[in-house]
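Below are the chains, spelled out letter by letter.
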Amino acid sequence: MPDAQLLWGYPEVAVHLGISSQATCSRKSRASLPAPDDTTLPDRPPVASVA
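Figured I'd write up the structure that's included with this text. The numbers attached to residues start from 1 for each chain and follow its sequence in the written order. Reporting in this predicted model follows two pLDDT cut-offs: at least 70 for local features of residues, and 80 or more for side-chain atom pairs to be given and counted; totals over whole chains, interfaces and linings ignore these cut-offs and use all residues. Just so you know, side-chain values use all the structure's heavy atoms and leave hydrogens and water out.

## Regarding the overall build of the protein
Consideration 1: By definition, any uninterrupted DSSP run of H or I lasting at least four residues is a helix, any uninterrupted run of E lasting at least two residues is a strand, and each is numbered from the N terminus. Looking only at helices and strands, the protein has two helices and zero strands in total.
Consideration 2: For every accessible area listed, the method is Shrake-Rupley and the probe measures 1.4 Å; residues are considered covered only by the protein chains on display. Counting only carbon and sulfur atoms, one obtains 59% of the accessible surface of the protein, whose full area is about 4700 Å².

## A closer look at the side chain of Thr24
Consideration 1: Locating Thr24 in the fold gives a position in helix 2 (residues 21–29).
Consideration 2: Whether a residue is buried, partly exposed or exposed follows from its accessible area with a 1.4 Å probe, protein chains only, as a fraction of its type maximum: under 20%, in between, or over 50%, in that order. With relative accessibility at 0%, the residue Thr24 sits in the buried group.

## What to know about the packing of helix 1 (residues 10–17) against helix 2
Consideration 1: Between the N-to-C directions of two axes lies an angle of 0 to 180 degrees, each axis being a line fitted to C-alpha atoms and, for a helix, fitted only over the stretch in contact. With their axes 8 Å apart at the nearest point, helix 1 and helix 2 run at an angle of 100° to one another. The angle between helix 1 and helix 2 falls in the class roughly perpendicular. Residues Tyr10, Pro11, Val13 and Ala14 of helix 1 form the contact with helix 2, whose own contacting residues are Ser21, Thr24, Cys25 and Lys28. Roughly parallel means an angle under 35 degrees; roughly antiparallel, over 145; roughly perpendicular, 65 to 115; everything else is oblique. Pairs of residues are marked as contacts when any of their non-hydrogen atoms sit within 4.5 Å.

This is the structure in C-alpha cells:
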C-alpha cells in the first residue's frame, strides 16, 4: 500500500460524504457509491490461516 494508506470503512466514507454510516451502508448495498480509486487493494484484510 502506498505510504501505508489505510482503507476507509463506512464511518470514514460517511463523514467524507456528509451522510450517516447507515446511509453509506444502504448506498453500498444499492451500488450507488462510486467505484474505488484503487482496485489493486483488497477490500478486506487478509484472513490469517490456522496452523
